[in-house]
Every structure is written in structure tokens, then in C-alpha cells.
Amino acid sequence: MNKPLKQHLIDPEVCIRCYTCEMTCPEEAILHDDNNVVVDADKCNFCMDCIPVCPTGSIDEWRVVQDAYSVDDQFGFMELPEQQEFSQTNTEAATGIEALDDAIAQLLAEAHQGAGGKAKAPATASKPTVNMYTLGKPATAKIQGNYRLTENASDTDVRHIILDFGDLKMPVLEGQSVGIIPPGKDEKGNPHLPRLYSISSPRDGERAQYNNVSLTIKREENGLCSNYICDLEKGAEVQITGPFGATFLMPEDPQAHLLMICTGTGSAPMRGFTMRRQRTTGADNGGMTMFFGARNAQSLPYHGPLKKVPASLLKTHLVYSRAEGHEKEYVQDRIMAEQDSVAKLLQNPKTHIYICGLRGMEDGVDKAMTQIAQSLGTEWVTLRDEMREDGRYHVETY
Ligand code: A2P
């Protein structure tokens, strides 16, 4: 009989199919089919390079098995298999697993530094549908609208793209993403992989009761997919995968407070959350606070509509790094300037934190929160990990 072994797996329900792990793995141990992204147990050498790059934590799954799940087994997973009951009759094998456990724990601790950690959905979140449309069986949507959100004079071209799904089912929740498959092939002759974009509309549609979904997309210099989408005209057809994402979701509890921290297009899920609250909650709600960073007002997506959201629903801090006549300011600077109100939010057991946007912001926000937590006589890292475990701390940075 084989010795039991530890196997690295990916949670297909949480994975958002961004393929970053596959592109990162130096052993080429990670691969995908139309359905899932999987780890080849024969090739994985537990180097952990894939752990910090995963935006969702779906990469951080381990099982002790007698025989490794094959790549084909994993392609067929709809969810992860339970850890099987394991009779440790073989002491030598048990000691081997424990030693490997310790080594993996050590490597994981190092890999997680700066990473988002293992995400968990809010306890009261609705159950998301994931991976309904795949690479092999994508949905076809029509461009219903393509509007520039940033002023023409601004050096950033951010667009509001509305996708119409017609009669096709596309059940989404705020905070989820969809993939867009750019047409054509890469230099190896393979079809392009989908690029992921956060949904910026609420679950009942960009326009309520319409089967449409909006995305917030920034034109990136030399960006294959962003240029493709930003140039699409009304009526054009696009191939869509998803929906993806099972953790960056909003609580259904109307008394929860949402503390949203974002830069640029990281505002997309926050728009979805805000519109959902606008459509569903009355005056009696837990409130929302937003720290939103952009270069200036001209390049801040949804500047006009945001200003119109009633203060009873959303307290907005718009923060500019390159506005004429103003000192450079980042979201973390404003969080520090507002430390008393943020401290109150950290003490509220119904506060949920959402961070979305540039990866660099994460470090800055961590530092600000460390100081604010200290003023409360507590440690931010401990509080953050408790909140994450409780499904109240969510990060999606790139
Ligand atoms: P900056 O003026 O330094 O580029 P972008 O327009 O590139 O999408 O960026 C959105 C905003 O995020 C900009 O105001 C940008 O400022 C800001 N930003 C850049 N780096 C960081 C960081 N490390 N922490 C917080 N905000 C940042």
C-alpha cells in the first residue's frame, strides 16, 4: 500500500479562473481545462510560489490522501472532496505527514505575508452561482452600451460597459466577476485566456429587472483585452465566462456597515453594493462608508452619481493624488485623517471591510489600520484575521 501523502488542491467553488497561479508555477504543475484549474500532484513540489498571487485564497487547499486525485479527477470536481477519515496504522507514514504539515505550514506563513489570506464569505451572503459559463461553453452577450466615465481631458480612459444577456440566464451577485474571452490566438497559437472583470451592477440588473450586467474597464496601454472591449460598439457580441467569486460578497443583513476602500476601477464592486442597498434598504440601515482614491475628480469613475447617493446611505471620501492645487493624498492618508470614525467602525461587530484596487494600497491601509487599532489598545493583525475568519474582511487587489 502507498504511504499517505499530502496533496495540493484548488477550491473550484472559490477559484475565479484568473489563471495567475498557472502562469506563476515554475514547475508547470498547474493546468486548466474548460471547467477547472488544477494541480498535478506528480509535478507540484510545494514551492508555494502560487500562494501569494492568488486573489481569492482558493489555491490554499490541502488533503491527506492514500492515492492522489489525478488531474482528470480534479477536472471533474464541482466542489472539493471532504478530507477522508484516515486510520493512521502506519506510524512511520503518520510521522512523515506531520513533518510535511509543519514544513507546509512554515512555507504558507511566509507565502501569505502580503497576500490576501484565505477569504470567507459573509455569514449572511446569498449563495452565489459560479462557473456557469466556461471556456468551452461561453455565454454570448451583446454590448448594450459603452460609455466613457472619465473626462476626455483626463489621462485615464475608464469605461462603463453594459452587457445584455438576452434570454440567457446569468445569475450574478454584487462583488462577483465575469471573464471576457478576447478573440484570436496567442503567439503559441492557443486561444486567448479570458480576462476577469468585476461586475459593477447589482444582482437584478444594471437596469432593474433587465437581464444586463455592467463592468468598469480601464483601457490599459497595450492591454489586449481592455483595448478590445473599450473599442467595442453597441450591438457587438462578446464571449463571456463565469460568473466567478464566492467570497467578495455583501452581507444580506441590512444592519451591517460596509467600509469600502478602493482605487480606480476597484470601485466596481462598491458600485454594485451601493446600488443594491439603494434598491433594497430603507432609512433604517447599518450604513456604508467609502474611501475612494483617484488621480483627480476628472478621472474618478462614477463621480457624478456618487455625489448623489444620500448621506444617510453612504458617507463618501473622495481622495485625489494629482488634483491641481491639492496635496497628494492616498486613501490610507484619509483613513488616518478620519481615524476616530474609523476606530468606531472597527469596534462595531457588524462592520465588513472591502478593499479593492491597486495592490500597493493594501500595505498602506494595513499601516493606517495598525495605528488606529493601537489607539484602541488592540492589534490590527489579530483583529483583521478575526474579521476575515468571520467573513467580514475582503480583499481583491491586483
Ligand atoms: P498616483 O497618482 O500615485 O498614481 P490609477 O489611476 O493608476 O488607477 O490609480 C488610482 C489611484 O490610486 C491614483 O490616485 C494613484 O495615485 C493611487 N495609488 C497609487 N499607488 C497607491 C498606493 N500604494 N496606495 C494607495 N493609492 C495608490
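About the cut-offs
Residues numbered from 1 in each chain as written. Predicted model: local features only at pLDDT ≥ 70, side-chain atom pairs only at ≥ 80, totals over all residues. Heavy atoms only, no water. Helix = DSSP H or I, 4+ residues; strand = E, 2+ residues; numbered from the N terminus. Rg over C-alpha atoms; globule rule 2.2 N^0.38 Å. Buried < 20%, exposed > 50% of the residue type's maximum accessible area, 1.4 Å probe, protein only. Contact = heavy atoms within 4.5 Å. Areas by Shrake-Rupley, 256 points an atom, 1.4 Å probe, with all protein chains shown as cover. Near = heavy atom within 4 Å. Polar contact = N/O pair within 3.5 Å; in protein donor to acceptor, adjacent residues only side chain to side chain. Nonpolar A, V, L, I, M, F, W, Y, C, P; charged D, E, K, R; others polar. Phe/Tyr/Trp six-rings, centres within 6.5 Å; stacked < 30°, edge-to-face > 60°. Salt bridge = Lys/Arg side-chain N within 4 Å of Asp/Glu carboxyl O. Expected span 1.5 Å × (residues − 1). Pairing = 2+ DSSP bridges. Axes fitted to C-alpha atoms, helices over the stretch in contact; angles between N-to-C directions.

Draft legend 1. Geometry of the overall build of the chain. Within the chain, the regular secondary structure consists of 10 helices and 15 strands. Rg of the C-alpha trace for the chain: 22 Å, near the compact-globule value of 21 Å for 398 residues, within the 12% margin. Burial status across the chain gives 51% buried among its 398 residues. Long-range contacts, defined here as pairs at least 24 residues apart, represent 74% of the contacts in the chain between residues at least 6 apart. Carbon and sulfur atoms make up 49% of the accessible area of the chain, which totals about 18900 Å².

Draft legend 2. Examining the site of the ligand more closely. Near the ligand there are 13 residues, and of these Arg295, Ser321, Arg322, Lys328 and Tyr330 occur at the shortest range. Between the ligand and Ser321, the relevant distance is 2.6 Å, taken from an oxygen atom to a side-chain nitrogen or oxygen of the residue. Contact with the protein chains covers 81% of the free accessible surface of the ligand, which is 560 Å². For the shell around the ligand, the elements supplying multiple residues, two or more each, are strand 12 (288-294) and helix 9 (359-375). Here the residues of the shell around the ligand sort into 4 nonpolar, 5 polar and 4 charged.

Draft legend 3. Broad picture of the packing of aromatic side chains. Considering all chains together, one arrives at 6 aromatic pairs under this definition. Taken together, a centroid distance of 5.3 Å and an interplanar angle of 65° make the contact between Phe248 and Tyr354 edge-to-face. With Phe248 in the loop between strand 10 (237-244) and strand 11 (257-263) and Tyr354 in strand 14 (residues 351-357), this residue pair connects regions lying 106 residues apart in the sequence. On the basis of relative accessible area, Phe248 is assigned to the buried category, the value being 3%. An aromatic cluster is present here, built from Phe248, Phe273 and Tyr354 joined pairwise through their rings.

Draft legend 4. Quick peek at the pattern of salt bridges. The full count for this structure, using the stated rule, is 19 salt bridges. Its salt-bridge partner being Arg203, residue Glu174 comes within 2.9 Å of it at the nearest N-O pair. Separated by 29 residues along the polypeptide, Glu174 in the loop between strand 6 (158-164) and strand 7 (177-181) and Arg203 in the loop between strand 8 (195-198) and strand 9 (212-218) bring together distant segments of the chain. Residue Glu174 is classed as buried on the basis of its relative accessible area, which comes to 1%. Taking relative accessible area as the criterion, Arg203 reaches 22% and is therefore assigned partly exposed. The salt bridge involving Glu252 is made with Arg203; its shortest N-O contact spans 2.7 Å. In this pair, Glu252 is assigned in the loop between strand 10 and strand 11 and Arg203 in the loop between strand 8 and strand 9, connecting sequence segments 49 residues apart.

Draft legend 5. Up close: helix 9. Compared with the 24 Å implied by 1.5 Å per residue over 17 residues, the 26 Å span of helix 9 between its first and last C-alpha is a close match. Elements in contact with the buried residues of helix 9: strand 11, helix 7 (331-337), helix 8 (339-347), strand 14, helix 10 (380-389) and strand 15 (393-397). Positive phi shows up at Gly377, right after helix 9, with a value of about 75°.

Draft legend 6. Representation of unusual backbone geometry within the structure. A cis amide bond links Gly242 to the next residue, Pro243, at an omega of -5°. Position of Pro243 among the secondary structure elements: in strand 10. With phi around 60°, Phe46 is a residue other than glycine that occupies positive phi space. Checked against the element boundaries, Phe46 lands in the loop between strand 3 (37-39) and strand 4 (61-65).

Draft legend 7. Region of interest: the sheet that holds strand 9. Taken together, 6 strands build an open sheet; the order of strands is 8-7-10-5-6-9 and the sheet is antiparallel. Strand pairing shows two members of the sheet lacking a second neighbour, strand 8 and strand 9, which therefore form its edges. Along the sheet, successive strands turn relative to each other by an average axial angle of 40°, direction set aside. Bridge count for strand 7 against strand 8 is 4 bridges, and the pairing is antiparallel.

Draft legend 8. Region of the structure containing the environment of Leu5. Position of Leu5 among the secondary structure elements: in strand 1 (residues 5-9). Its relative accessible area of 31% is what places Leu5 among the partly exposed residues. Sequence separation of Leu5 and Asp67 is 62 residues, and the distance between their C-alpha atoms is 7.4 Å.

Draft legend 9. Local environment of the sheet that holds strand 13 (residues 314-320). The 5 strands lie next to each other as 13-12-11-14-15, forming an open sheet whose pairing is parallel. Both outer strands of the open sheet, strand 13 and strand 15, are each paired with one neighbouring strand and no more. Recorded for the sheet is a direction-independent mean angle of 10° between the axes of neighbouring strands. Of the pairings in the sheet, the one linking strand 14 to strand 15 comprises 5 bridges and is parallel in character. If you follow Ile355 over to strand 15, its bridge partner there is Val395.

Draft legend 10. Summary view of the pairing of strand 6. Of all 7 residues that make up strand 6, 6 are buried, and the element is covered over most of its length. Across 6 bridges, the pairing between strand 5 (residues 139-148) and strand 6 is antiparallel. If you follow Gly145 over to strand 6, its bridge partner there is Ile162. When strand 6 meets strand 9, the two strands line up antiparallel, connected through 7 bridges. Residue pairing across strands places Asp164 opposite Asn212, the latter belonging to strand 9.

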